[in-house]
Amino acid sequence: MKKLEVLLADDEPTIMEGLLKLFDWESHGFKVVGVANDGIIAVNMAKKLKPDIIIIDINMPLLSGLEVIRTLNNQLSDTVFIIISGYNEFSYAREALKLKVTDYLLKPVRFDELGKVLTQVRLNMVKSCAKEAAPVISEKVEEPDSPLYKIVTYLNEHSDQEISLNRLAEIFNMNSSYISQFFKNNTGMNYHAYLTLLRINRAKELLSTTRMSITEIADVTGFADYRVFTKVFKRVEGMKPSEYRTLSMK
């Protein structure tokens, strides 16, 4: 799983500066890709950047945080929204729940609390990726400190790279035979099958949302070349990548 991309939206300079400078985004596995100081800018940036997470204040100029979320909810169905607000009012919290906001944090923001919320968001996304690739895995990936969580996270974050059993064994200080059996015992499939499904899911996303060529998609998803990619894609999906793209664009 890549670094999760975050859009910050708040019109208070001191709050924004604190979020940017005092919270260690990198160590938590996140990257701030944009900042907005009013609701209109937040909507336009979100549509362009399609961030994984939007952290937004309720009291924003031009469009309130809730209006921004309401506007983006249908267009960015996979984006997670976290509200930060100085308003400790039930009506706002109730509206946030209706909009399926992930969390509601009060100002001044406690960075340890923000870290816990973001860690849980990341864990949920890892589970979601695992579920898409193999439903049984999502039931096993629970604790961030567990070996399985760490292995699955590594595979998600590096699926575009060549990953051998020996490489995994070296990273996680395990015997290669043991790590292979451990992964299969806990997920019901071997690591290579899981990695292949991760790559295919990513390829499907790129085929349906970008104009990248088949060769480019094969390269960025970790396949040796477009011939291998096409062969594997057809075996898994029952059609060629070009056929999938045509159907997904209809």
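Residue numbers restart at each chain and count upward from 1, following the sequence in its written direction. Per-residue local features of the predicted model are confined to residues with pLDDT of at least 70, and side-chain atom pairs are confined, for both listing and counting, to 80 or more; whole-chain, interface and lining totals are unaffected and use all residues. Hydrogens and water molecules were not included; the side-chain quantities draw on all heavy atoms of the structure.

Trainee: Would you take a moment to explain the overall build of the chain for this structure?
Mentor: For the purposes of this entry, the term helix denotes a DSSP run of H or I that reaches at least four residues, the term strand denotes a run of E that reaches at least two, and both are numbered from the N terminus. In terms of regular secondary structure, the chain is built from 14 helices and five strands. In terms of overall dimensions, the chain has C-alpha extents of about 55 × 45 × 30 Å along its principal axes. Pairs at least 24 apart in sequence give 61% of the contacts found in the chain among residues at least 6 apart. The protein chains shown are the only cover counted for residues, whose accessible areas, like all others here, come from Shrake-Rupley with a 1.4 Å probe. Total accessible area on the chain is roughly 13,600 Å²; 50% of this is exposed by carbon and sulfur atoms. Averaging the locations of the 32 positively and 32 negatively charged side chains of the chain gives two centres separated by 8 Å. Throughout, a contact is declared for two residues whenever any of their heavy atoms are within 4.5 Å. Charged-residue counts in this description rest on Lys and Arg as positive and Asp and Glu as negative, His and the chain ends being excluded. Note on charges: their place is set at NZ of Lys, CZ of Arg, CG of Asp or CD of Glu.

Trainee: Even after reading the chapter, I still don't get the pattern of salt bridges, so can you show me in this structure?
Mentor: For side chains of opposite charge, pairing can occur when their charged atoms come near one another. One speaks of a salt bridge when a side-chain nitrogen belonging to Lys or Arg is within 4 Å of a carboxyl oxygen belonging to Asp or Glu. Here the structure, examined in full by the defined rule, presents ten salt bridges. Linking Glu170 and Arg167 is a salt bridge whose minimum nitrogen-to-oxygen distance equals 3.5 Å. Taken together, the positions of Glu170 and Arg167, both in helix H9 (residues 165–172) and three residues apart, correspond to about one turn of that helix. Only protein chains enter the accessibility calculation, which uses a 1.4 Å probe; a residue is then buried when its area is under 20% of its type maximum, exposed when over 50%, and partly exposed in between. A relative accessible area of 59% means that Glu170 is categorised as exposed. With its nearest N and O atoms 3.2 Å apart, the salt bridge here joins Arg202 to Glu205. Here Glu205 and Arg202 lie together in helix H11 (residues 191–209), a separation of three residues that amounts to about one turn. Overlapping salt bridges bring together Asp10, Glu12, Asp57 and Lys107 as one network.

Trainee: Sorry, what's going on with the sheet that holds strand S3 (residues 53–57) here?
Mentor: As a general point, the strands of a sheet are linked pairwise by backbone hydrogen bonds and lie either parallel or antiparallel. Overall, parallel pairing links the five strands, which are arranged S2-S1-S3-S4-S5 in an open sheet. This sheet does not close on itself; its edge strands, each paired only once, are strand S2 (30–36) and strand S5 (103–106). Taking each pair of neighbouring strands and ignoring which way they run, the sheet shows an average axis angle of 20 degrees. The pairing criterion is simple: DSSP has to find at least two bridges between the two strands. As judged from the six bridges shared by strand S1 (residues 4–9) and S2, these two strands associate in the parallel manner. All axes are obtained by fitting lines to C-alpha atoms, using only the stretch in contact for helices, and the reported angles, taken between N-to-C directions, cover 0 to 180 degrees.

Trainee: Got a minute to help me understand helix H10 (residues 176–187) in this structure?
Mentor: Here the expected span of a helix is defined as 1.5 Å times the quantity of residues minus one. The terminal C-alpha atoms of H10 lie 17 Å apart, and with twelve residues this matches the ideal 16 Å at 1.5 Å per residue to within 8%. Of all the residues in H10, the buried ones are Ile179, Phe182, Phe183 and Thr187. Here the buried residues of H10 occupy an arc of 100 degrees about the axis, which is enough to place them on one side. Residues of H10 that are exposed and point more than 90 degrees away from the buried face comprise Ser177 and Asn185. The N-terminus of H10 is capped by Asn175, whose side-chain oxygen sits 2.8 Å from the backbone nitrogen of Ser177. Backbone geometry just after H10 places Gly188 at a positive phi near 85 degrees. It is the directions from the helix axis to the C-beta atoms whose arc is reported. Identification of polar contacts relies on pairs of N or O atoms within 3.5 Å, with a donor-acceptor requirement for protein atoms, meaning one able to donate a hydrogen and the other able to accept it, and with residues adjacent in sequence counted only if both atoms are side-chain atoms.

Function cannot be inferred from these measures alone, as they are strictly geometric.
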